[in-house]
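Observations on the three-dimensional arrangement
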Amino acid sequence: MKILVCISNVPDTTSKINFTQDNTQFDTTGVQFVINPNDEFGLTRAMWFKEKQGATVHVATVGGANVEPTMRKALAIGADEAIRINAEPTDGFFVAQQLAEVIKNGEYDLVIAGRESIDYNGGMVPGIIAALLNMNFVNTCTGLEIEGDKATAFREIDGGKETLSSSLPLIIGGQKGLVEESDLRIPNMRGIMMARQKKLNVVEPVNATHATADKSFDKPAPKGAVKLVDPENIDELIDLLHNEANVI
Amino acid sequence: MSVLVYTEAENGKFKKNALEVASYAHKVAQEMGTTVTAVSFNVADNSSLETYGVSKVLKINNDSLGTFNANAYAMALAEAVQKEDIKVIILSSSTDSKYVAALLAGKLQAGYAPNVVAAPDSINPMVVKRTAFSNKGYAHTEINTEIKIIGVSNNAYGVHENKTSLSEEDFSPSIDDSAFSTKSVNVDKVAGEVTIADAEVVVSAGRGLKGPENWGMIEELAGVLGAATACSKPVSDMGWRSHGEHVGQTGKPVASNLYIAIGISGAIQHLAGVSASKVKVVINTDPEAPFFKAADYGIVGDAFVVVPKLIEKLKEFKAQNA
Ligand SMILES: Cc1cc2nc3c(=O)[nH]c(=O)nc-3n(C[C@H](O)[C@H](O)[C@H](O)COP(=O)(O)OP(=O)(O)OC[C@H]3O[C@@H](n4cnc5c(N)ncnc54)[C@H](O)[C@@H]3O)c2cc1C
């Protein structure tokens, strides 16, 4: 089985979010970049398929040379090869078209992406790829088993969980649940050394549509101070929620 | 050239978000000088759409679509788009709608903007305001393609009445067998339970509760308020509560009217996922807990003392205001 894990390079979850250039660009000053958490769950599941079922695992990212440390980290965790598509990941449609090209050429059986990246929150890349390449697709995927070319996938739905049957070639939009939090791996010294020997191929982008463009950004208005209520005076809280906030 | 809206249903009835997206579609249609056409799947009574600005509904009645199937639904919607010469598609940001929207975007070569929180900034060009950076910011996104897809955030635009006259039309899209190469074999969902996605009120608890045996009062509080229950990430990681209750940046987003956080410190990743809620209440022993900076109302106090009192007082309040 040949697996491609699509990785997005995102600001660490603790990052302060600021914008520059007249609020048209995300300010990366002082921001640490990491593997998108949803993708990290997927990568870890891919490692399981590699170790238990002999799968080959490649990772791919659309991005400039600045994303290479994140790719090296994926290699250090255990991916066999990395592919960087040398273009700015400006919008989800564009990124999906680039990855679709890599998937088509690489003849992958299973593609693991994240349900969304935590920076631009597009949540569309795996679905667009599925439509472009006519692949089976399971989104918000919280569990995946493969036997031969048959797949059993679990999906989070509003208020519950769904079990789906599918078959390869398959693409998923993965998230927490694919593996447990405690299964996530921190690269060790040996992994980091080995990652240096592994191939990180750089390919040039194909012509593609920029379907959307983020014109500007802003931040939520600062919040007013919290109104504190005395624990002995719960009636006041109920009064505020009823008469001031109108929520009960 | 009307605006198409996918009105989600469950058990043959429209979900609340269906009426919200219909309201949004009406606003867009008005600005474009056109009308709203809805697509409904296996809904017996479509008449409520008339109250929310829909002029025409394409009714699909097909047993094989009884259980949601993203591929089949996307095929049906794509056919409706072709048939009605649609340029703008509106749907919700529910788990199912996001699943369908991405497939539709690929099929129709359409630009898609999810998590949209307000009526468009402008129609021509189409620019919408959406949340980004997990609710830490907003992006104003231009959709450049001929066909445009807008995913409206839950509980952001609101449900607005706009009386129209509705024409109903049966619609039988041709669904290719290939749609069912991925199919549902089991749905595990507690019937009648309020979901985090749809709840007006969410009662959420964290590690401050000390152990799973203490969730009785959380469930009781939720019961009194008709609320959904939720939890912080470590609580689900430790198996105190199911993963489905985990809210935050890496869990479910919350956009309720009222969010009550009990024994939750308010870590940045937690706040990112719940900040779209309109009113936030925090109950925490530690006055320095970061959640107090993000909340509207707060009680510095011990949950084990405050929550039982709150339940009692709310019961009295509900009895008086019933
Ligand atoms: C990549 C990444 C992603 C993450 N994603 C999420 C996410 O999506 N959602 C999420 O929730 N977290 C997430 N986290 C974890 C987050 O950083 C925090 O660790 C977590 O939110 C803390 O949970 P908590 O508030 O329940 O626990 P704690 O931080 O331990 O807080 C417990 C609180 O309870 C209070 N308390 C104690 N006893 C009482 C009492 N008797 N009465 C009242 N209050 C009491 C304490 O004062 C304290 O403030 C993520 C972390 C990382 C690194």
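Residues numbered from 1 in each chain as written. Chains lettered and ligands numbered in written order. Predicted model: local features only at pLDDT ≥ 70, side-chain atom pairs only at ≥ 80, totals over all residues. Heavy atoms only, no water.

Contacts between chain B and chain A engage 83 residues on the former and 75 residues on the latter. It is Tyr99, Phe133 and Tyr297 of chain B that lose the most area in chain B upon contact with chain A, and together they represent 12% of the buried surface on that side. At the junction of chain B with chain A, the criterion picks out nine salt bridges. Close ionic contact of Asp214 of chain A with Arg130 of chain B constitutes a salt bridge, the shortest N to O distance being 3.3 Å. Taken together, chain B and chain A are joined by 44 residue pairs in polar contact (both at pLDDT 80 or more). Among the elements that line the side of chain B that touches chain A, the one with the most residues is helix α3 (residues 95-108) of chain B, at nine residues. Grouping the amino acids of the side of chain B that touches chain A by side-chain chemistry returns 33 nonpolar, 31 polar and 19 charged. Here two bridges tie strand β15 (residues 227-228) of chain A to strand β17 (residues 297-300) of chain B, and the two strands are oriented parallel to one another. Residue Lys227 of chain A lies in a different strand from β17 of chain B, and its bridge partner there is Tyr297 of chain B. (Contact = heavy atoms within 4.5 Å. Buried area = accessible area lost by both parts, 1.4 Å probe. Salt bridge = Lys/Arg side-chain N within 4 Å of Asp/Glu carboxyl O. Polar contact = N/O pair within 3.5 Å; in protein donor to acceptor, adjacent residues only side chain to side chain. Helix = DSSP H or I, 4+ residues; strand = E, 2+ residues; numbered from the N terminus. Nonpolar A, V, L, I, M, F, W, Y, C, P; charged D, E, K, R; others polar. Pairing = 2+ DSSP bridges.)

Before going further, it helps to examine the side chain of Asn121 of chain A. With respect to the helices, strands and loops of the structure, Asn121 of chain A is situated in the loop between β8 (110-114) and α4 (125-133). A distance of 3.3 Å separates the side chain of Asn121 of chain A from the side chain of Glu116 of chain A, its partner in a polar contact. Within the structure, the side chain of Asn121 of chain A is placed 2.9 Å from the backbone nitrogen of Ser134 of chain B, a separation counted as a polar contact. Not counting residues up to four positions away in its chain, the partners in contact with Asn121 of chain A are Glu116 of chain A together with Pro114, Asn115, Arg130, Thr131, Ala132, Phe133 and Ser134 of chain B.

Let us look at empty space enclosed by the protein. Evaluation of the coordinates by the stated rule reveals four cavities of 30 Å³ or more. If you add up the space inside the largest cavity, you get close to 110 Å³. Taken together, Lys16, Asn17, Glu20, Asn154, Asn155, Ala197, Asp198, Ala199, Glu200 and Ala255 of chain B make up the lining of the largest cavity. Looking at the lining of the largest cavity residue by residue, the class counts come to three nonpolar, three polar and four charged. Computed from the structure, the second largest cavity encloses a volume of approximately 90 Å³. Leu164 of chain A together with Asn69, Ala70, Tyr99 and Thr182 of chain B are, among the 14 residues lining the second largest cavity, the residues nearest its centre. Taken together, the elements giving at least two residues each to the lining of the second largest cavity come down to β11 (160-167) of chain A together with α2 (70-83), α3 and β12 (183-189) of chain B. (1 Å grid on protein atoms, 1.4 Å probe; cavity = no way out; pocket = protein on both sides within 12 Å on 5 of 7 lines; lining within 4 Å. Points joined across faces, edges and corners; volume = space filled by probe spheres on them.)

Before going further, it helps to spend a moment on a nonpolar patch on the surface. All names here are of chain A. A cluster of nonpolar side chains, contributed by Met189, Ile192 and Met193, occupies part of the molecular surface with about 290 Å² of accessible area. Take Ile192: it is sitting in helix α5 (residues 189-197). According to the relative accessible area criterion, Ile192 is partly exposed, its value standing at 32%. (Patch = residues over 30% accessible without salt bridge, like charges linked within 9 Å, V, L, I, M, F, W, Y side chains within 5 Å. Areas by Shrake-Rupley, 256 points an atom, 1.4 Å probe, with all protein chains shown as cover. Buried < 20%, exposed > 50% of the residue type's maximum accessible area, 1.4 Å probe, protein only.)

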